[in-house]
Structure formats: structure tokens, C-alpha cells
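Residues per chain, in single letters:
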Amino acid sequence: GRTEHNIPLLRLYCKSDRLLSLCTLHLSVSVCAGASLFPGFGSVIMKLQWMWNQFFLQEEYTGSDYQYIGKLQSDQDRGDSVVKYVLSGEGAGTIFVLDESNGDLHATRRLDREEKSFYVLRATVVNKRTGLKLEPETEFVIKLHDINDNEPTFSKEVYSGSVPERAEIGTSVIQVTATDADDSMYGNSAKLVYSISQGHPYFSVDPNTGVIRTALGPGDMDREQREHYQVVIEAKDMAGQRGGLTGSTIVNISLTDVNDNPPRFTQSIYQFRVPESFKHGSQVGRVRATDRDIGKNAEMFFSIVSGDGMDVFEISTDRQTQEGIITVSKPLDYERKQSYTVEIQVQNTQVDTRFLSAGSKDVATVRISVEDVDEPPQFDKAWYQLEVKEDAVVGAAVGTVSAVDPDGARSLVKYAIDRRTDMDRIFNIHPGNGSIFLQRTVDREENAWHNISVIASEFNNPRQSSSVNVYIRVLDINDNAPVLATVYETYVCEKSKAAQRIQTISAVDVDEPPTGHKFFFSLAPEGAYRSNFTVRDNGDNTAAILTRRNSYSRLQQSVYLVSVVITDADYPMQSSTGTLTVRVCTCDRHGNMELCNAEALSSSPGLSTGALIAILLCAIILLMIVFLFAALKRQRKQEPLIISKEDVRDNVVSYNDEGGGEEDTQAFDMGALRHPDSAAAVLEEPAKQRRDIMPTDTLLYPPTVDTPPPPLLEHDCNPAGAGSVAESLSSLGSASSEADQDYHYLSEWGPRFRKLADLYGADDSDFC
């Protein structure tokens, strides 16, 4: 029937009493937990305690028929075949089938709990005729009962572990872990127990945790006796009871090394022979010691602890082979000592005091015999440093080197200079006594040091030789005069004031006096009289150039040469005269240079703007001359301009120039106008200077008493311009040497020629 709340119910039946009791228990717990989801449902459970919502099915069913699960029955089913049971949910219709007439529930195939442990399904009843639901849909669960069908499995097929040798009993080595896929909540199918089947008596395993531990004491776990062990561990389910399934794994265990063995020499006595010629660091021999330990525990170091060769030999350790290497630390001499005996010791670099004491070491004896060899001469010094003054004469002694034959024969030694180190053959050496002397003079300023090599060889056996480096320092003497530090570009403004500084100069000296340089500056004696400038020594190795006038004129004189005497303070005292070029320039009110004469500019390095303008003007003049000769060539067929000598003189008069009379045979040749072809020959003749005309600029500005006459260049005496291609058209530009002729006889020709005689008879200095 229905409850008092009219909630339709499904009555579920189990096939056996055992399942019924289990299902009833689970039903009570589940329904009570879900009572809040269905109000009033809890009271129904109290009345009908054999109703449930869970079914249980055993996994791995092996029968041929469908496996019966249970029966679903509704209160609406009165046996009149009107009710139809409908199943839905996980596996409905495939894994699980429901008889729609009577509600019997079956499983169609074999199920595995380890794949899926439960299934959730829903069931309801409908009217076969109308298809209407007679009850609400009810959800239930089918759980699979586990059986022990899975054996334990370990997380690794092979484990690897290690433990120090000589470990105490019970020292943990490694933990192994196994799992069982069976249900741990149902029975003992997944309860595991560990055991050791191989590895006794060295190791044991905890049955519950799988932790492997040592089972023997320190004396039995020695790596040097046995290093590797293979242990087999088993895990059995069903708590280890009979019928349980078993899984196993392999554990490889290694004993790690500890420093429990000291090193030992392979021999108690070692013997070596060594030539006396062995140098520092040469290997005498090797000694070997063994250590049963490995790695860092087998590392060792050797030392010499006693003997008469402690300061002659030393021993070190080869880190690759762990051998002791005995080497020479001081020169050997057979003539002085033929044998040595030392005691060596070996011990570990790291000592484990748990097993070894700090005194765990081994000792051995080493005997070393020195063999005699023919040795080359030996110098008494490793190197020599000698000194020589740079003014020493050829043949002057520089110093002496000395070498002797260390052998008992004491052979004579001869000396020579290795010419590869003295290519210029500046030095030589006496072959018998080793005295070094000068073969050529030396100059410190050229080379302050000379490094040569001296060879000493046995007189009877030159192949036995040795060499030594000789460093020769050239001592300085004051043999160089100071000079101006640089080429100064100095200018003075036209409106300068007296005592105005226009330049600061300094000096340099290639000598190196011990106390440093000290220079003195003064005006040269030949320029001190009526000089336009003066020199003031600043006392700090510099000097100032000062003006002595209130003004200068670049038109009167554009360049001044100031001679400065520079003297050093060393002995013997050296001095030199430096010339300073001072240009006269036009300056602005701040003293900045604006314009200088072309001749002043040309004297300075480089080309200034004025020089470039002068060059351009010269080019234009040359071009005009070319055009002039071209015009003359076009007129070569015209009538001659001059027919008689009188015409020539008239022509000269028309040029406002006075001729030299009829004996002036070097005047301008009018034939050049009649024969233009010969004009080129005229151009190729050297320029002829005019000595008969005084420059107008010197007459316009006569020199004053205080001012020396300005320097005039050569072309200032030639109105036609020095180097001019056209030269002068006047007959006065004679190519003959007028200085060798006497023109006083022209005065006898009358007043007209008297002035001409005065001009030709005048000295050049009167004009230039």
C-alpha cells in the first residue's frame, strides 16, 4: 500500500538471506542520510526496514547465464500485467537488463571491480496501456564485491641503494613500496606484508613499512671484502596468510667507502741515480704507495721528513696517479757531494678519526747517487749590470764578467760576445779575463741601455759553454744644448704698447741631468743693440717676449727676427741660439690678428689667404701676357712701327723712360714686334733685374732714426716684378753687367746724358 504521506515505494528483494541482511544494513544508513531530501521518508524506513536502494554484485562472475542481481517490485503491481518496469542509467540495457514484466534485474557480462567499482541506475513503473508513470523515478546503486584477484606490485622493478661500510646494525638503507589493486576496505585482499627472500644475513626488512636495514655489525660490512649485494624483497596480500598473492622486487645495495685504510709504500727502500747537471725542478724519480680505499679517501701526500738532502730535494704528489715525484731543488755538485739519503713519509689528505688515528702514515728510505758529468763554465752572477759614460772614448773599460769550470779539471775559460745581441759591434771583450770595453762610442740620447750576452766556453772543449746577460747603462753627460720647444708663430700688433708680452717660449733638452732641467733665456748680443723686442726670463724654464716700442708699421717692416740665447745649468754648460719670427699685423681693438703682409705670411708654414690672393694675381698676369703675345703675333704682317733709331728713342720717350744713348744695345728689341716668332725666345731668357729705377715705396716712407729699414725682397727693386715673363720693355733693362762699365763718359755728351750717367753710375745700395 501507500504511506500516510502517499509516497509510492519500490520494494526490493534479495536472492539470499546473506545479501538481504547486508542490503538492509546499507539501506538504513543511506536512507537516513538522505531523509532530508525526501521529507517524511525517514518515518517510512522505520516501518519498512527491508526496503533498500543498493544492490551488491560479486566481480569476476564466471557462470554461463546472466548473473541475477535482485528484483524490483512496485505496490502498483497487482499481477494484472498492467505495470511495466523501466530501467535507465549507467549500463542500462547493455550491462544490466530488467525484466519489464516482473522486475528481475540481471548482469549480462563479467565485471571487474578494479575497472569500475559501482554503477548508478534509475527505475520506474509505467502503465503499459497509457504509458503514464505510475510512480516517481527511484535511483539505486549496484556495487561490486571485491575478490582477491590482484597480486601486489612494487613501484620499481629494480631498486638501488647504498650504505656506508662499517655501519651500525639497523642502519636504514632504502624503503620499498608495493600496492594492491584490490579493495582495501573489504577483507584482507589489499593488506600487504613485506619479507626478504634473498639477502640474509646482511640485511632485513620491516614487514609493515618495507624499510631495509643492515643486519650485521661494522666488522662484517667491509667494502674492501665485498662491495655489492643483491636483495630480493617480497610483498604478500591477505596479511601474509596462506592463499595470498605475492609480488617481488630486486634491490641492489652497495657499500660506500670510508677512510678505514692508511696508505702503504710498495717498497721500504728506493734508490735513484741523477747526473749533477740536473737543473732546478728536474725529476729524480717516482715513489708509489697503495691505499685500499677509493676516491678522496685514497688521496695522499708525500713529504721529506729527515736526511741530508732535505734542502737539496723536494717531493710532490701527482694527483692523477697518486705517486710521489722527487725533484731537484738546489744545484748538484759531484765534486762536493756524491750521494744523499732522505726519509720520506706518506699519509692521507683526509683522515676519518672514527677508523684511523691522526698518526696513520707510512715511511720509506730514499738513497740518491750523484753522477759526474762534464759541466760548462759557470758565471759568478746570474746577470750583470754595468755602467759607462756616454763621453767615454773607444777602448775605455766598461766592466768585467767572470766564469769558472766547476769540474775537477778546472779547464781554462775563454769569453766572447754573442754578436746577435751586439749587431753594431759597440762592445768587445777580452777572451782571457772577461773585461768588456768600448769598440765604438755610445750616445745616451740614441740608446740609453745596451743588452748583450757574453758566452763563456771551455778552452779545450768549446761545446761546453754557458751564457749570461749583461745590461750596460749609458750614463748621461751634458753634451746637448737646449733648443726652443717648438716653432712659434708670433705676431705683434701695429698699435702695441711698449713692454707688452707677445709670446711665452720654453725650451727642451734631450739630456737628463740628475737634478732636473734649468734653463736661462736672454736676448742674443748681436740683437741687443737697438732691438725692437726684449726677452724676460720668468725663472721657471720659460721666457716672455716683450715689445720695446709703442707702435709698429707693417708697411715699413713686416717681419722681425728675434734671436734668443738658451743656456742650461748643467756642467759643462751648453747653450744655443733660437730665432723667433715676429710678424707685424693689423689687429682689432682686442688684439686679435686681422691682416699681415704677404711676405710675412709666406715665411710661416702653410698658405694664408693673402698668399692665395697673390698666387691668383700672378696667374692673371701670366694670362694677360699670353694674350699680349697672341695679339702681337696677329700683327706680324703689319707695317713696322719704328723705322729709324730716332723713332726708337722717341718710342722710349713716349714711355716716359730715359734711354742709355746709342750704346744702350741691351734695350728693348723692336725686332720682336717685326718678328713675333722670336718673341718666345725672349720669354725663355732669364729675368733681368732693373737696377736703374728706385722703388717708390721706399721713397715714400723714409726710415726713421729709431726704426731699422724694413727688409725688402728682391722683386721690390724691380718695377717690372721679379720673375716676370714679360720683363721690362725699356732699353734700361740691360742683360749686360752694368756694374763692370764706367758710365761717367756720358757726362761729356751734354746735360741730357749727364743725369743718365749719374743713374747708371749709382751703386745698387743707393736704391735697395
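- In the annotation of an unreviewed UniProt entry, the entry for the protein chain reads Cadherin 6, and the organism field reads Neogobius melanostomus.
- Turning to the protein chain, the UniProt annotation filed under Function (unreviewed entry) states: "Cadherins are calcium-dependent cell adhesion proteins."

### Considering the pairing of strand 34 (residues 465-475)
Step number 1: Taking every second residue as pointing to the same face, the buried face of strand 34 carries Ser466, Val468, Val470, Ile472 and Val474, while none of Ser465, Ser467, Asn469, Tyr471, Arg473 and Leu475 on the other face is buried.
Step number 2: Relative to strand 34, strand 33 (residues 449-458) is paired through 9 bridges, and the arrangement is antiparallel. By the bridge assignment for strand 34, Trp449 is matched with Arg473.
Step number 3: Between strand 33 and strand 34, which pair antiparallel in sequence order, lie 6 residues.

### Describing unusual backbone geometry
Step number 1: That bond from His200 to Pro201 is cis: its omega, 0°, falls within 30 degrees of zero.
Step number 2: The residue Pro201 is located in the loop between strand 13 (193-198) and strand 14 (203-205) in this model.
Step number 3: In this structure, Pro572 follows Tyr571 across a cis peptide bond, with omega equal to -5°.
Step number 4: Mapping Pro572 onto the fold places it in the loop between strand 41 (559-568) and strand 42 (575-587).
Step number 5: In this structure, Met238 takes a positive phi of about 60° despite not being glycine.
Step number 6: Its location among the elements puts Met238 in the loop between strand 16 (228-236) and strand 17 (246-256).

### What about the UniProt feature "transmembrane region" (unreviewed entry) in the protein chain?
Step number 1: The sites that UniProt annotates as "transmembrane region" (unreviewed entry) are residues 611-632.
Step number 2: Taken as a whole, residues 611-632 contains 100% helix and 0% strand, while its terminal C-alpha atoms sit 32 Å from one another.

### A look at the confidence of the model for the protein chain
Step number 1: Overall, the prediction assigns the protein chain a mean pLDDT of 78, with 74% of residues at 70 or greater.
Step number 2: Confidence drops under a pLDDT of 50 for residues 1-52, and excluding neighbours within four residues, the segment shows 67 contacts in the predicted structure.

### Let's talk about the sheet that holds strand 7 (residues 118-127)
Step number 1: Strand order across the open sheet formed by 4 strands is 2-8-7-4, with mixed pairing between neighbours. Both edges of this open sheet fall to strand 2 (54-58) and strand 4 (83-89), since each of them pairs with a single strand only. Averaged over all pairs of adjacent strands, the angle between their axes in this sheet comes to 30°, without regard to strand direction.
Step number 2: Relative to strand 8 (residues 138-145), strand 2 runs parallel, the two sharing 5 bridges. Note that in strand 8 the partner of Phe56 across the bridge is Lys143.

The rules behind the values
Residues numbered from 1 in each chain as written. Predicted model: local features only at pLDDT ≥ 70, side-chain atom pairs only at ≥ 80, totals over all residues. Heavy atoms only, no water. UniProt positions renumbered as here; feature names shortened; annotations may be inferred. Buried < 20%, exposed > 50% of the residue type's maximum accessible area, 1.4 Å probe, protein only. Helix = DSSP H or I, 4+ residues; strand = E, 2+ residues; numbered from the N terminus. Pairing = 2+ DSSP bridges. pLDDT = per-residue confidence, 0-100. Contact = heavy atoms within 4.5 Å. Axes fitted to C-alpha atoms, helices over the stretch in contact; angles between N-to-C directions.

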